[in-house]
Amino acid sequence: MLRMEGVSKNYNHRSAAVTALSDANVAVDRGDYVSVVGPSGCGKSTLLLMLGGMLSPTRGRVLFDDESLYDLSPDQRAAIRKKHIGFVFQTFNLVPYLTAMENVQIPLLLAGVDEQTQTQRAEELLARVGLGDRLDHKPSELSVGQQQRVALARVLANDPAIILADEPTGNLDPDTGTQVLSFLDELNAEGRTVVMVTHDPQAAARAKRTLHLVDGAIVSGE
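Right, let's walk through the structure included here. Computed from a prediction, not measured in an experiment: that's the story for all the values here.

1. Here we look at helix α5 (residues 144-155)
Here α5 is twelve residues long and its end C-alpha atoms lie 17 Å apart, about the 16 Å a rise of 1.5 Å per residue gives. Within α5, eleven of the twelve residues are buried, leaving the element largely enclosed by the surrounding structure. The set of residues buried in α5 consists of G145, Q146, Q147, Q148, R149, V150, A151, L152, A153, R154 and V155. Each element contacted by the buried residues of α5 is listed here: β6 (85-89), α3 (100-110), α4 (115-128), β7 (162-166) and α6 (174-189).

Structural data, given as structure tokens:
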């Protein structure tokens, strides 16, 4: 489903060359649950963004269903993301002046879904994450854990087959983090593919297999 073939990513930082990812070969099958671990700055988030069609490689190919993502136009990549890929970020990226309902409706609005369906879908998803009584609350009126659950509901709005999660529990207390991880487990059990970057060994252990990165290189996978 997702594949990297000899992928490297280099940056120039203050006139110095920095290698964020080095000759990575990764295969993620449909329905897989993969955790990506390693020290800070080792290339975990770079790998995730490249799998999601958000960051082009310096060398190598990234494929989605055997189609080379970065041989497509930006609009074509955006269409694939909108239809097939949901992102979960540590910082939630909620729009502060919109309600929980309106935040969840954003992907549906962008996809051209009619207003009645937007409302019904958003209500269902917020109820699923335990926020059916917080539809009209803005992010500032919600706890950190509730904000992350709104973000999860928004991720599911367009029913993506792939969930890419970057430190989804990084800003959460242990109990709330466990709830979020249980939700990711549930999404994978439904058949969705999950790739999760995490620094937490207990979170990583919930995946079916783990990729270990060190200095931009995949040193082991299981």
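2. So, the side chain of K44
Looking at the secondary structure, you find K44 in helix α1 (residues 44-51). Comment: no salt bridge for buried K44; closest opposite-charge side chain is E167, at 4.8 Å. Here G38 takes part through its backbone oxygen, which lies 3.0 Å from a polar atom of the side chain of K44. Look past the residues within four positions of K44 in its chain and what remains in contact with it is V36, V37, G38, P39, E167, V197, T198 and L213.

3. Describing the side chain of T46
Its location among the elements puts T46 in helix α1. Setting aside its immediate chain neighbours within four residues, T46 contacts K9, Y11, A20, L21 and L55.

So, how was this worked out
- Residues numbered from 1 in each chain as written.
- Predicted model: local features only at pLDDT ≥ 70, side-chain atom pairs only at ≥ 80, totals over all residues.
- Heavy atoms only, no water.
- Helix = DSSP H or I, 4+ residues; strand = E, 2+ residues; numbered from the N terminus.
- Expected span 1.5 Å × (residues − 1).
- Buried < 20%, exposed > 50% of the residue type's maximum accessible area, 1.4 Å probe, protein only.
- Contact = heavy atoms within 4.5 Å.
- Lys, Arg positive; Asp, Glu negative; His and termini not counted.
- Salt bridge = Lys/Arg side-chain N within 4 Å of Asp/Glu carboxyl O.
- Polar contact = N/O pair within 3.5 Å; in protein donor to acceptor, adjacent residues only side chain to side chain.

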